[in-house]
Amino acid sequence: MTTAEQTPQITEPGTVILEAKNLKKYFPVTKGLLISKVTGHIKAVDDISFELRAGETLGIVGESGCGKSTTAKMMLMLEEPTDGNILFEGQDVHSSSAAVRKSYRSSVQAVFQDPWSSLNPRMRVKDIIAEPMVINWDITRAEQQERVLKLLNDVGLNEYHSNLFPHEFSGGQRQRLAIARALALNPRVIVLDEPVSALDVSIRAQIMNLLKDLQSEYNVAYMLIAHDLATVRYMCTWVAVMYLGEVVELSPVKDLYESPSHPYTKALMSAALPSHPDMEQEEIILQGEVPSPLNPPPGCYFHPRCPAAMDRCSIDKPETKEISPGHTLSCHLF
Amino acid sequence: MVTDARVNTETVLTVEDLRTYFTTRWGTVKAVDGISFDLRKGETLGIVGESGCGKSVTMLSLMRLIPMPPGRIVSGSITLDGEDLVQISEQEMARVRGSKIALIIQDPMTSLNPVFSIGNQVEEAIEIHQDIPKRSIVQGALEVLRKVNIPAAESRVKDYPHQMSGGMRQRVVGAIGISCQPQVLIADEPTTSLDVTIQAQYLKLLKDIQKDSDLSLIFITHDFGIVAKMCDRVAVMYAGRIVEHGSVRDIFNNPSHPYTEALLASVPKMDRDVERLFSIEGQPPPLHDLPVGCSFADRCPVVMDKCREEYPDSITVSDGHISSCWRASE
């Protein structure tokens, strides 16, 4: 490996680092034990596109089963997309050489929800954080340990922590370790899958502030998967609202919270818990639950639950339209 | 959303100086250490705090479900309907539990039995507490399932828990909770495992049921959003004690304990941009080794010398608003 990879690359904030174009992921549904045949497909992610920019955060929100986790897995190359491309700095990842794919994997890192299961209980902190470097970089043990100490320092822990085991840490400190490990290879993109929801209220703010500080220091792009809309507002620059495998609305964060346009976004916002007892909220209680992605309704997927459904919503699928700069949505009302 | 419950002043439940300790190899853990509150008819009380602050032990003490040993209700009284739940025998408590005071717990996957149909499980709750013929029991079970808006309840009574979604399962747990028309229903983080839209449906359902039957609710949560949406009064717990207690508007508009203030400032807001969240440094103290003075002193941004020497008295800030902080007396 070259030393060029080991020095953090400084990118202008706002430059597109990663682009997802028309990503699809279909899981086959089979029947029969010996001679199995494919009887249908679950469209977990169906034709979504977005961009991740340096120093910015894209939030992905939606109910369970909407495809947020599958999207994250495709970003991390843990799932192969059925169709569509992931462009990393303009280069298509899936059609590239093994070397490019390997460097992609070290440039895109992840922090998971549960710091109790994402850290190996048998490894010392210094080994956990050094492991990505051992695998990807050709550097000496001393250099690795020097970097481990720097990373521990970056995430607000002390040098003596490097000899401890994960069980000796509290939830918030473990999440700091997971963040240090994710930062080890100077990544350009970090996928954050519900990074604070397993933590206590008073610890959440510490971790969110730490993530923001590290972002402004290293100009890394975050993709944040979260269900708490208030957390998304605090952390994100852009928000994509997903429903049944599709992005129904994608917008700069301020626009989305101040004037949600898609009926589903409005319903999600009204369902979110208020931040003050006197906060006025429109009361839209959605009936029923998300339909099965195996057999989605015809037309707009949201029409059976939509309070503003029209006749054509059950027939035509709405196109994606841009209603203001950077703010796109798919709905017949616009 | 929040109704003023002060109109109705009939007290249903009174808790006085409740202390629940656990004996462990590290010493005595004072999980709940002298809490007092009362609950009026038809009102919702929120008990808020971080994990380990004693809110779940409070709930278990009210239900008399503390594992003994190692746990023990050391002192205090829990008065419900003229009876002290701490003093009565286990047999008498079995009669009260489920019929006068009921519980909805967090995870509907583990609180329902996977090998019995849901109809069966709701019927069981009615059968134990009411001496009525089998046909009325079946009818009663159907009725409560309809009350919690289970669609096509007649056919779904035969379903097993795994055939239902998380939201539906939580409704079944709610149905069991209200099946014997209890006076007090305790909900321990009932919606944490649910999606936001399903959570909104469930909270609205609880509100509707409460309005219909004048039920008193205790919400145990760490989420100030739920408190803002559901509660009339709030008790904030820290390290086994109630540090601040007041109406929901008192707590949100004039928090007087630094812990409450810090917690509120550390939560991101839905309706406005926040430049930087306040973060409380450090960790809560271990409950077997509490400091002499105020347990929050080590993390408190406005700590004084006095705080480390003596636990603060409860100080009345305004009518019905009580805070345990030396600063509140100034």
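The rules behind each value
- Residues numbered from 1 in each chain as written.
- Chains lettered and ligands numbered in written order.
- Predicted model: local features only at pLDDT ≥ 70, side-chain atom pairs only at ≥ 80, totals over all residues.
- Helix = DSSP H or I, 4+ residues; strand = E, 2+ residues; numbered from the N terminus.
- Rg over C-alpha atoms; globule rule 2.2 N^0.38 Å.
- Contact = placed C-beta atoms within 7 Å.
- Pairing = 2+ DSSP bridges.
- Axes fitted to C-alpha atoms, helices over the stretch in contact; angles between N-to-C directions.
- Buried ≥ 20, exposed ≤ 12 C-beta atoms within 10 Å, placed from the backbone.
- pLDDT = per-residue confidence, 0-100.
- Right-handed = clockwise from strand over helix to strand, strands pointing away.
- Nonpolar A, V, L, I, M, F, W, Y, C, P; charged D, E, K, R; others polar.
- Core = buried A, V, L, I, M, F, W, Y, C linked by C-beta atoms within 7 Å.
- Expected span 1.5 Å × (residues − 1).

S.K.: An account of the overall build of chain B is needed here, citing residue identities and associated values.
M.R.: Assigned secondary structure in chain B consists of eleven helices and twelve strands. For 330 residues, the compact-globule formula gives about 20 Å, and the C-alpha radius of gyration of chain B, at 21 Å, lands near that figure. Its C-alpha atoms give chain B principal-axis dimensions of roughly 65 × 50 × 40 Å. Put simply, of all contacts in chain B between residues at least 6 apart along the chain, 64% involve residues at least 24 apart.

S.K.: Describe the sheet that holds strand β10 (residues 246-252) of chain A, naming the residues involved and giving the relevant values.
M.R.: The pairing of strands in a sheet comes from backbone hydrogen bonds and takes either a parallel or an antiparallel form. Residues and elements named next belong to chain A. One open sheet holds the eight strands; their spatial order is β6-β7-β8-β3-β9-β10-β12-β11, and the pairing between them is mixed. Strand pairing shows two members of the sheet lacking a second neighbour, β6 (108-111) and β11 (320-324), which therefore form its edges. Here the strands of the sheet are splayed against their neighbours by 20 degrees on average, with no regard to which way each runs. Sheet analysis places strand β3 (residues 57-61) next to strand β9 (residues 238-243), joined by four bridges and oriented parallel. Of the residues in β9, the one forming a bridge with Leu 58 is Trp 238. The strands touched by helix α2 (residues 68-75) are β3, β6, β7 (189-193), β8 (221-225) and β9; relative to β8, the strand with the most contacts, the crossing angle is about 150 degrees.

S.K.: Break down α2 of chain A for me, with residues and values.
M.R.: All names here are of chain A. Of all eight residues that make up α2, six are buried, and the element is covered over most of its length. Listed in full, the buried residues belonging to α2 are Lys 68, Thr 70, Thr 71, Ala 72, Met 74 and Met 75. Two residues or fewer after α2 comes Met 77, characterised by a positive phi angle close to 60 degrees.

S.K.: Just give me the short version of the confidence of the model for chain B, but keep the residues and values in it.
M.R.: Residues and elements named next belong to chain B. Residues with a pLDDT of 70 or more make up 97% of chain B, whose mean pLDDT is 87. Low pLDDT (under 50) marks residues 1-7, which in the prediction has ten contacts with non-local residues, meaning those over four places away or in another chain. At the level of chain-chain contacts, confidence expressed as ipTM amounts to 0.80, with global pTM at 0.86.

S.K.: Which residues make up the pairing of β8 of chain A, and what are the values?
M.R.: Residues and elements named next belong to chain A. Burial within β8 is extensive, with five of its five residues counted as buried. The side-chain alternation of β8 yields two buried faces, one formed by Ala 221, Met 223 and Ile 225 and the other by Tyr 222 and Leu 224. In this structure, β7 lies alongside β8, joined through five bridges in parallel fashion. By the bridge assignment, Leu 192 is partnered in β8 with Leu 224. Tracing the backbone out of β7, into helix α7 (residues 201-218) and back to the parallel element β8 gives a crossover that is right-handed.

S.K.: Quick rundown of the sheet that holds strand β9 (residues 233-238) of chain B? Include the residues and the values.
M.R.: All names here are of chain B. Strands sit in the order β6-β7-β8-β3-β9-β10-β12-β11 across an open sheet of eight strands; the sheet is mixed. Of all strands in the sheet, those with a lone pairing partner are β6 (101-104) and β11 (315-318), marking the two edges. Mean inter-strand twist for the sheet, computed between neighbouring axes without regard to direction, equals 20 degrees. Here strand β10 (residues 241-247) runs beside strand β12 (residues 321-323); their pairing, made up of two bridges, is antiparallel. Paired with Glu 244 across the bridge in β12 is Ser 323. Running over the sheet, helix α7 (residues 166-178) touches β6 and β7 (184-188) and is turned about 175 degrees from β6.

S.K.: Tell me what's going on with the environment of Glu 280 of chain A, and back it up with residues and numbers.
M.R.: Within the secondary structure layout, Glu 280 of chain A lies in the loop between α10 (263-271) and β11. For the pair formed by Glu 280 of chain A and His 332 of chain A, sequence separation is 52 residues and the distance between their alpha carbons is 27 Å.

S.K.: Which residues make up the interface of chain A and chain B, and what values do they have?
M.R.: Interfaces are often described in size by the accessible area the parts lose on coming together. Counting residues at the interface gives 29 residues for chain A and 37 residues for chain B. Only α7, α8 (229-235) and α10 of chain A provide two or more residues apiece to the side of chain A that touches chain B. Here the element with the most residues in the side of chain A that touches chain B is α7 of chain A; it accounts for six residues. For the side of chain A that touches chain B, a count of residues per class yields 16 nonpolar, nine polar and four charged.

S.K.: Explain the nonpolar core to me, and be specific about the residues and the numbers.
M.R.: Val 189, Met 223 and Val 241 of chain A are the most contacted members of the largest nonpolar core, which totals 189 residues. Counting residues per element, this core draws most heavily on helix α8 (residues 196-213) of chain B, which supplies seven residues. Non-local contacts of Val 189 of chain A, meaning those with residues more than four positions away in its chain, are made with Ile 17, Leu 18, Leu 52, Ser 107, Val 108, Val 220, Ala 221 and Met 223 of chain A.

S.K.: Explain helix α6 (residues 171-183) of chain A to me, and be specific about the residues and the numbers.
M.R.: Each α-helix winds once per 3.6 residues, and so residues spaced three or four apart point in a common direction. Residue and element names in this part refer to chain A. Here α6 contains 13 residues, and its C-alpha end-to-end distance of 19 Å stays within 8% of the 18 Å for a straight helix at 1.5 Å per residue. For α6, the buried fraction is high: twelve of the 13 residues fall into the buried class. All of the buried residues along α6 are Gly 172, Gln 173, Arg 174, Gln 175, Arg 176, Leu 177, Ala 178, Ile 179, Ala 180, Arg 181, Ala 182 and Leu 183. Close packing links the buried residues of α6 with β6, α4 (125-136), α5 (141-154), β7 and α7.

S.K.: Hey, could you go over unusual backbone geometry for me, with residue numbers and the actual values?
M.R.: All names here are of chain B. A cis geometry characterises the amide bond from Met 68 onward to Pro 69, with omega recorded as -20 degrees. By the secondary structure assignment, Pro 69 is in the loop between α1 (55-62) and β4 (71-80). Cis geometry marks the peptide bond from Pro 69 to Pro 70; its omega dihedral reads 10 degrees. Structurally, the position occupied by Pro 70 is in the loop between α1 and β4. A positive phi angle is found at Arg 64, which is not glycine, with a value near 55 degrees. Even without glycine at this site, Gln 181 takes up a positive phi of about 45 degrees.

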